[in-house]
Amino acid sequence: MTLPVLHAPVRDVTDDEITSYRTNGWAVLPGLVAADFVADLRERALIRLGAREGPFRNSFVDQAFGQDRDIAKHDEAYAALALSRRLGRNVVRLLVGVDQVRLQVTNLLIKEPAGSAQGGDGHGATVFHQDFPWMPMDRSAMLTVWLALADVPADMGALRFYNGSHLHGTLGRSFTREGDDALSQQPWLEGLEMSPPLDLKAGDATVHSSLVIHGAPANQRDLPRLSFTATYFDAEALYTGSRYGQTDPLDLEVNKPFDHPMFPVVPTS
């Protein structure tokens, strides 16, 4: 991936936002990306989604939302944001003990209305889960930036989080069996405080740890929920060799860093 030529207008995270992230495992970042830039991202997203041949329905994940993976490899504006120096600095500041990060994956996400989706019955709820149990990295210093490309009121399927759940380690995989999620595997999680419903404006973002338990209700509005995600991990992380669709074809060396064009180090200065 080449460095982008566009400039993505991203603001700095605040000390209070960093404290909230480290305490709860997630934080809301109002107005993280400038509205004009996000409006352009939204138009690009609608063009790509309009060109797809059919709905996303291949797995348990796809029952909850559709994914256009690696969007930053296909679109310079999304690359400009994902590889933004300021966004890279923000991620390093949010994580603990990390000097540099690599970009793991970017996604254009769509959660279709629950009752009226193209070619199907719509997307359902996103079950509560952790991201890290799937990953082939030897450390969990990893987070995802989730950016609203249009207004996302709570009943459109904005994310919810179990506060402090990131402090309890790796709790197992979800999206593997019908009706199975983090709460069915770990019922005690319901004793933790859940984040409040979030009404997000275009350009607002949430950021969440790879260990925090999170999910989302079904989209009860008439329009699709549109968002962009970028996931980052410690640049010093080592490859464990665990089976994972993204890394299996890359011939990475076990117990070595992810020195591969698929995982560029994000500039921070």
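Residues numbered from 1 in each chain as written. Predicted model: local features only at pLDDT ≥ 70, side-chain atom pairs only at ≥ 80, totals over all residues. Heavy atoms only, no water.

### A closer look at the pairing of strand S9 (residues 225-234)
Now for step 1: Counting buried positions along S9 gives 10 out of 10 residues, so the element sits mostly inside the fold.
Now for step 2: Alignment of strand S3 (residues 101-111) against S9, held across 10 bridges, turns out to be antiparallel. Residue pairing across strands places Ile 110 opposite Leu 226, the latter belonging to S9.
Now for step 3: Pairing geometry for strand S5 (residues 142-148) and S9, over seven bridges, is antiparallel. Counted as the bridge partner of Met 142 is Phe 233 from S9. (Buried < 20%, exposed > 50% of the residue type's maximum accessible area, 1.4 Å probe, protein only. Helix = DSSP H or I, 4+ residues; strand = E, 2+ residues; numbered from the N terminus. Pairing = 2+ DSSP bridges.)

### Some details on the confidence of the model for the protein
Now for step 1: Per-chain confidence: the protein averages 89 in pLDDT, with 90% of residues scoring 70 or above.
Now for step 2: Below a pLDDT of 50 lies the segment residues 1-5, which in the model reaches 12 contacts outside its immediate sequence neighbourhood of four places, other chains included. (pLDDT = per-residue confidence, 0-100. Contact = heavy atoms within 4.5 Å.)

### Regarding unusual backbone geometry
Now for step 1: Phi at Asp 251 is positive, roughly 60°, even though this residue is not glycine.
Now for step 2: Within the element layout of this structure, Asp 251 appears in the segment after S9.
Now for step 3: Accessibility expressed as a relative area gives 73% for Asp 251, which makes it exposed.
Now for step 4: One non-glycine residue, Asn 255, adopts positive backbone phi at about 65°.
Now for step 5: Position of Asn 255 among the secondary structure elements: in the segment after S9.

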